[in-house]
Amino acid sequence: MKVIIVGAGIAGPVLALLLQHKGFEPVIYEAATSIAPGGSVQLSPQTFKVLNIVGLAERAIATGQAQESLEFRSHPSGRTLMAVDIPAMIRKEAGWPMCHAMRSRYVEFLVGAVRERGMRVEFGKKVVRTEQDGEKVKVAFEDGTEDEGDLLVGCDGMNSDVRALVFSPGKTYYTGIILIGGISRRHPSSLPPSILQVFGDGAHFLSAPLSSTEVGFQCVFPEPRASADNWRTVPLTNTHGKAMLAALPQARWAGGPARIISEATSAFRHAACLMDPLQSWHKGRIVLVGDAARPAAPHLGQGSNQAAEDAYHLVRLLCQPGHLPLSSSELETALAEYTALRVPHAKEVVASSISEGRLRVLSGPEKCRKRDEALGRSLQEGRWREVVSRMKGPFEGDKSEI
Ligand SMILES: Cc1cc2nc3c(=O)[nH]c(=O)nc-3n(C[C@H](O)[C@H](O)[C@H](O)COP(=O)(O)OP(=O)(O)OC[C@H]3O[C@@H](n4cnc5c(N)ncnc54)[C@H](O)[C@@H]3O)c2cc1C
C-alpha cells in the first residue's frame with residue numbers, strides 16, 4: 001500500500017520509518033531544496049520509544065545531548081528558584097532520556113535513516129494540488145510532475161499546504177510572542193549538562209547544551225505588532241542579524257545569557273502562532289500529522305515529540321485490520337479513530353503551551369514575585385509529575401502495539 005508523505009521535517013521521516021516497518025510503501029516529497037538550519041529541538045522519551053520500534057533510538061540520542069539537570073533562575077536578582085534533576089527523573093521513570101539536538105542534525109539523521117532503508121525522499125517537490133476518489137489519491141507538484149498513492153499524509157508543518165488544500169482551516173492567530181534563538185559556543189565551564197531557564201520581567205531565556213561544543217538558546221518576549229515569521233533563519237554575517245541579537249533584552253542578562261547570545265553562530269526568528277483547531281484531521285484518503293494538524297507548542301518543546309506520537313498512533317491504527325492493502329472502509333475506520341484520539345489530546349497540549357508562554361512573558365514586579373515563588377514551590381506541588389507523565393509516551397513501558 002503506497003503512502004505519499006508530504007514534508008521531510010520531523011513528522012514525515014518518523015512516519016515513513018514506522019510505515020515501512022509494517023509493510024507499507026512510503027515515499028516522501030519535500031518542498032525545500034535542502035534541510036533548513038533552524039535552532040534546536042527538545043527530544044523527550046516519547047520520541048525515543050517510537051524510534052526504538054525501528055531500532056533507531058540510540059542513534060537518535062547520539063545526534064544531541066542527554067540532559068541531567070534543570071535550573072530556574074530569576075532575573076535581575078540571579079537567584080536560583082529551583083535546581084533539580086528532573087531530566088534524570090524523566091530518564092528513570094520513562095526509560096529514555098530527555099535530549100536537546102540541533103534540529104538540522106536531527107532531521108539529517110532521520111532523512112538519512114529513511115534513505116538507508118531504501119525509501120525515496122525527494123527534495124524540491126512542493127505539493128500544490130491534491131485530488132482523490134474512492135480508490136486513489138493524487139498529488140501535483142509545483143514543477144509540473146505528479147504522483148499517485150493509496151494514502152496521502154500531510155506532514156508539512158504549521159503552514160501546511162495540504163491542510164489549506166483539503167480542509168477548511170480556520171484563521172491563524174499571532175500570539176503576540178516572539179522567539180529568537182540560535183546556536184552558540186559552549187564553554188567547558190558550563191559543564192555538567194544542564195538546562196537553564198531564566199525568568200525576567202516580560203522576557204524569558206532558555207539554553208541547553210547540544211554537544212560538548214554547542215549550546216542552543218531561545219529568548220522569548222512579547223511584541224504586539226510582528227510580521228509573520230516561521231522559524232526564519234537570520235544570517236549573522238550581516239549587521240541586521242547581529243543587531244537583532246544585540247537588541248534582545250536578554251543580551252544584557254548576566255550569568256550566562258549575555259555571553260551565550262553574544263557568541264551565537266546561527267540565529268532564527270519565530271512568531272508564535274495559533275490556529276482555530278481542526279475538528280477532523282482526515283478527509284477520505286488524506287490525513288494530517290504533526291504541526292500540520294495542530295499549532296506548534298514551542299513553549300513546551302513538544303512539537304517533535306507530539307509528531308512522533310501522532311505517527312505511532314496513525315500506524316498502529318492502520319495496522320489494526322492485520323492485513324494490507326486496507327479496504328476503503330477499513331481505512332476510514334482507522335483514520336476516524338486517529339482523529340478521535342489525537343484531536344482532544346492536541347487541545348490539552350496546546351492549552352499547556354499557551355499557559356507556559358504566558359508565564360514566560362509575565363510582567364510587573366508583583367506578578368513576577370508571585371511567579372518566582374510559585375516556580376520555587378513547583379517541585380513540591382507535584383507539577384513535575386505532570387511533566388514526567390506527559391513525556392512517558394504513546395504506550396506504557398516497552399508495550400508497543402506495532
Ligand atoms: C526550518 C525549520 C526550523 C525549525 N526550527 C525549530 C526550532 O529551532 N525549535 C523548535 O522547537 N522547532 C523548530 N521547528 C519546528 C519543529 O520542527 C516542529 O514543531 C516539529 O518538529 C514538528 O515537525 P513537523 O514535521 O510536523 O513540521 P516541520 O518540522 O515544520 O516540517 C514540515 C516540512 O514540510 C515541508 N513542506 C511545507 N510545505 C510543503 C509542501 N507544500 N510540499 C512539500 N513539503 C512541504 C517544510 O519545508 C518542512 O520541511 C522548525 C521548523 C522548520 C521547518
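Residues numbered from 1 in each chain as written. Predicted model: local features only at pLDDT ≥ 70, side-chain atom pairs only at ≥ 80, totals over all residues. Heavy atoms only, no water.

Time to look at the UniProt feature "signal peptide" (unreviewed entry) in the protein. According to UniProt, the feature "signal peptide" (unreviewed entry) maps to residues 1–16 in the numbering used here. The distance separating the terminal C-alpha atoms of residues 1–16 is 12 Å; by composition the span is 38% helix and 31% strand. (UniProt positions renumbered as here; feature names shortened; annotations may be inferred. Helix = DSSP H or I, 4+ residues; strand = E, 2+ residues; numbered from the N terminus.)

Overall, the coordinates contain seven aromatic pairs when judged by the stated rule. Ring geometry for Phe72 and Phe199: centres 5.2 Å apart, planes at 75°, overall edge-to-face. You can see Phe72 sitting in strand E5 (residues 70–74) and its partner Phe199 sitting in strand E14 (residues 195–199), a full 127 residues away along the chain. Judged by its relative accessible area of 2%, Phe72 falls in the buried class. Considering the side-chain rings of Trp281 and Tyr338, the 5.8 Å spacing of their centres and the 65° angle between planes classify their relative orientation as edge-to-face. On the criterion of sequence distance, the pair formed by Trp281 in the loop between strand E18 (264–275) and strand E19 (282–283) and Tyr338 in helix H10 (residues 328–360) is long-range, its members being 57 residues apart. For Trp281, a relative accessible area of 2% puts it in the buried group. (Phe/Tyr/Trp six-rings, centres within 6.5 Å; stacked < 30°, edge-to-face > 60°. Buried < 20%, exposed > 50% of the residue type's maximum accessible area, 1.4 Å probe, protein only.)

Most of strand E16 (residues 214–222) sits inside the fold, with eight of its nine residues counted as buried. With nine bridges joining them, strand E13 (residues 172–185) and E16 adopt antiparallel strand pairing. Across the sheet, Ile180 pairs through a bridge with Cys219, a residue of E16. The sheet contact formed by strand E15 (residues 204–209) and E16 spans six bridges and is antiparallel. Counted as the bridge partner of Leu206 is Gln218 from E16. The hairpin turn running from E15 into E16, its antiparallel successor, is four residues long. (Pairing = 2+ DSSP bridges.)

Turning next to the pattern of salt bridges. The tally for this structure, following the rule as stated, stands at 20 salt bridges. Between Arg59 and Glu116 there is a salt bridge, and its shortest N-O distance comes to 3.0 Å. Placement of Arg59 in helix H3 (residues 57–61) and of Glu116 in helix H5 (residues 103–116) is noted, with a sequence separation of 57 residues between them. For the salt bridge of Arg269 with Glu223, the shortest nitrogen-to-oxygen distance reads 3.1 Å. With Arg269 in strand E18 and Glu223 in the loop between E16 and strand E17 (232–234), this residue pair connects regions lying 46 residues apart in the sequence. (Salt bridge = Lys/Arg side-chain N within 4 Å of Asp/Glu carboxyl O.)

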